[in-house]
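A structural walkthrough
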Amino acid sequence: MEQTPLSSRTHVSIFGAVNAGKSALFNKLIGQDMVIVSDIRGTTTDPVTKAMELIPYGPIAVTDTAGLGDTTEIGGERMKKTEKILNRTDFAIYAADCSDFDESAYESIKKQFEQRRIGHMLVFTKSDLCADNLLRKYPDAMLVSIYDESSIERLRSELNDRLIKYTSERESMIGDLLPYGSTVVLVIPIDSEAPKGRLILPQVQFIRDCLDHGIKTVCVCDTELADTLNELPCIDLVVTDSQAFKFVSEIVPEDIKLTSFSIMMAGMKGDLTEFIKGAEAIGSIKNDSRILMAEACTHNVSHEDIGRIKIPKLIKARTGAQPRFDHCVGYDFPDNISDYDLVIHCGGCMINSRAIMNRIAVCREKSVPITNYGIALAYLNGILKRSKAIFGI
C-alpha cells in the first residue's frame, strides 16, 4: 500500500474557516508534523497533500487546504486553489472551531459537497475549549482535540467507516471483466516515448491488476506480437499501447478481443459511454474548431508525442481540417471550456477518478463533447467497435 500512487488513492480533503484548526488536525490525522501550525490567521497558503494508510480501509491521500473566508491580500488566489481541490475530493472533512462555529459558512460549503456528490463529515475542533452541546444539533459530527489522542483515534475509525459507505469507485481495470485463469497479451512498444529501463504507470497498474485476479499476462513488443499469438493456445484479450492500435489491430485475429491501456483506464476512472459519444464529434471538426488536449502529467515533448503530435496529425488527415489545438496539464482545467468544440483527455493515470468525472460533468454541462486518447485513436483507426467489446458495449 505504501507504493500506491496518489492517483489510485481515495482523496480526503480538510476544509474549514481560517484558524479553525485544520492544519493541526491534518498533522494529527497523518501522524506527522508536516505543516506549520500557528495562531496567526491564514498560515496555510497552498494545499498540502500527504499519502497515508488508513487501517483497515487502505491507501488514502489527505489534503490540508487554505482557510475559507480568507480576507488577506492574496486570499482570493488561495480560495481559487482551495476550490480546485473540491474537484478531486472523494470525501471531505469540514473542520469547525467549536467555540467559533459559523453555521452559515458550513451550510454553504455543504451545498457544494452535495452538488458534487462528495460525502463529508463535520468535525468540531478544539473540543477541550467547549461543551458538547453542538452534538445535539449535529449528531453525526465528531468532537476532536489535538491534546486528546483518543479523540483522534475515534476520528480515524469513523473516517474509515464513512469512506467504506461513501466511496464505491470501480477499483479494477480487468478483474470484473475476465474470469480467473484468463490469458491476456500486453503489447508494449519500445519507442522514443518509452521511459528507459521501466514501464509507464498504466502498464504497471494493469499487470498488478492481472496478478491480483489470477489472470495470466504475457508482455511483448509489437515486433514479437505475431509470433506470440501463434505460440499461445488460448488468448482472451490483447491490450496495446494506443499508439500502436492500427498496427496491432491488423495482426490480432478478429475473434480475439482487443483494446488499449488508455481505454481500460477510462473504464475504471471515467465514463466510457460519454467518451465514446465524444469521439464521434471528431467527424464534425472544421477549420475554425478548437480542441483542448488535456494531459494529467508533465513530460518532455518528442516527435512521437501522442497528444501533441500523433492525434492532431490523425485528426487533420481524417477531417481535412486545420483546427486549433490547445493544451492543459496536470490538475489545471480551463474555466472557458465552452470555447472548445472538443476535449480529448489522456488516460488519466496521474489523477484520480473524481477529477476526471468532474471534468466530464463540466463538459456535459457546457455541451462540449469529451473523449480520451485511446478511444479517439480507436475511432480514428476505425476500430472503436472492436476496442469497446470487452466492456460489453
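Residues numbered from 1 in each chain as written. Predicted model: local features only at pLDDT ≥ 70, side-chain atom pairs only at ≥ 80, totals over all residues. Heavy atoms only, no water.

1. Some remarks on the sheet that holds strand S9 (residues 237-240)
- Taken together, four strands build an open sheet; the order of strands is S8-S7-S9-S10 and the sheet is parallel. The outermost strands of the open sheet, each flanked by one partner alone, are strand S8 (216-220) and strand S10 (257-260). Taken pair by pair, the neighbouring strands of this sheet meet at an average axis angle of 20 degrees, ignoring direction.
- Where strand S7 (residues 183-187) meets S8, five bridges bridge the pair, whose relative direction is parallel. Considered in S8, the bridge of Val185 is made with Val218. (Pairing = 2+ DSSP bridges. Helix = DSSP H or I, 4+ residues; strand = E, 2+ residues; numbered from the N terminus. Axes fitted to C-alpha atoms, helices over the stretch in contact; angles between N-to-C directions.)

2. So, the nonpolar core
- Counting 75 residues, the largest nonpolar core has Phe206, Val238, Ile315, Val343 and Ile344 as its most contacted members.
- The element contributing the most residues to this core is helix H13 (residues 373-380), with seven residues.
- With residues near it in sequence (within four places) discarded, Val238 still touches Val185, Val187, Leu229, Val248, Val252, Ile256, Lys257, Leu258 and Thr259.
- In terms of nonpolar packing, the next biggest core, distinct from the first, is built from 21 residues, Val12, Leu25, Ile30 and Val123 among them. (Core = buried A, V, L, I, M, F, W, Y, C linked by side-chain atoms within 4.5 Å. Buried < 20%, exposed > 50% of the residue type's maximum accessible area, 1.4 Å probe, protein only. Contact = heavy atoms within 4.5 Å.)

3. Let's talk about the packing of helix H1 (residues 22-30) against helix H5 (residues 149-166)
- Remark: H1 packs on H5, axes separated minimally by 10 Å, with the N-to-C direction vectors making an angle of 75 degrees. Between H1 and H5, the crossing angle belongs to the class labelled roughly perpendicular. The residues of H5 that touch H1, namely those facing Leu25, Lys28 and Leu29, are Glu149, Ile152, Leu155, Arg156 and Leu159.
- Its residues placed into classes, the contact of H1 with H5 shows five nonpolar, no polar and three charged. (Parallel < 35°, antiparallel > 145°, perpendicular 65-115°, else oblique. Nonpolar A, V, L, I, M, F, W, Y, C, P; charged D, E, K, R; others polar.)

4. Some remarks on the pairing of strand S11 (residues 290-295)
- Taking burial as the measure, the six residues of S11 include six buried ones, the bulk of the element.
- Taking every second residue as pointing to the same face, both faces of S11 are buried, with Arg290, Leu292 and Ala294 on one and Ile291, Met293 and Glu295 on the other.
- Strand direction decides the pairing type here: S11 and strand S13 (residues 342-345), joined by four bridges, are parallel. Bridge pairing links Met293 to Ile344 in S13.

5. What about the packing of aromatic side chains?
- Overall, the coordinates contain eight aromatic pairs when judged by the stated rule.
- Through a chain of ring-to-ring contacts, the aromatic side chains of Tyr94, Phe101, Tyr106, Phe124 and Tyr138 assemble into a single cluster.
- Positioned above the aromatic ring of Tyr340 is the side chain of Arg290, whose terminal nitrogen or guanidinium carbon lies 4.5 Å from the ring centre. (Phe/Tyr/Trp six-rings, centres within 6.5 Å; stacked < 30°, edge-to-face > 60°. Lys NZ or Arg CZ within 6 Å of the ring centre and 35° of its normal.)

6. Focus on the side chain of Asn160
- The topology assignment puts Asn160 in helix H5.
- Ignoring sequence-local partners within four residues, the contact set of Asn160 consists of Leu54, Ile55, Pro56 and Tyr57.

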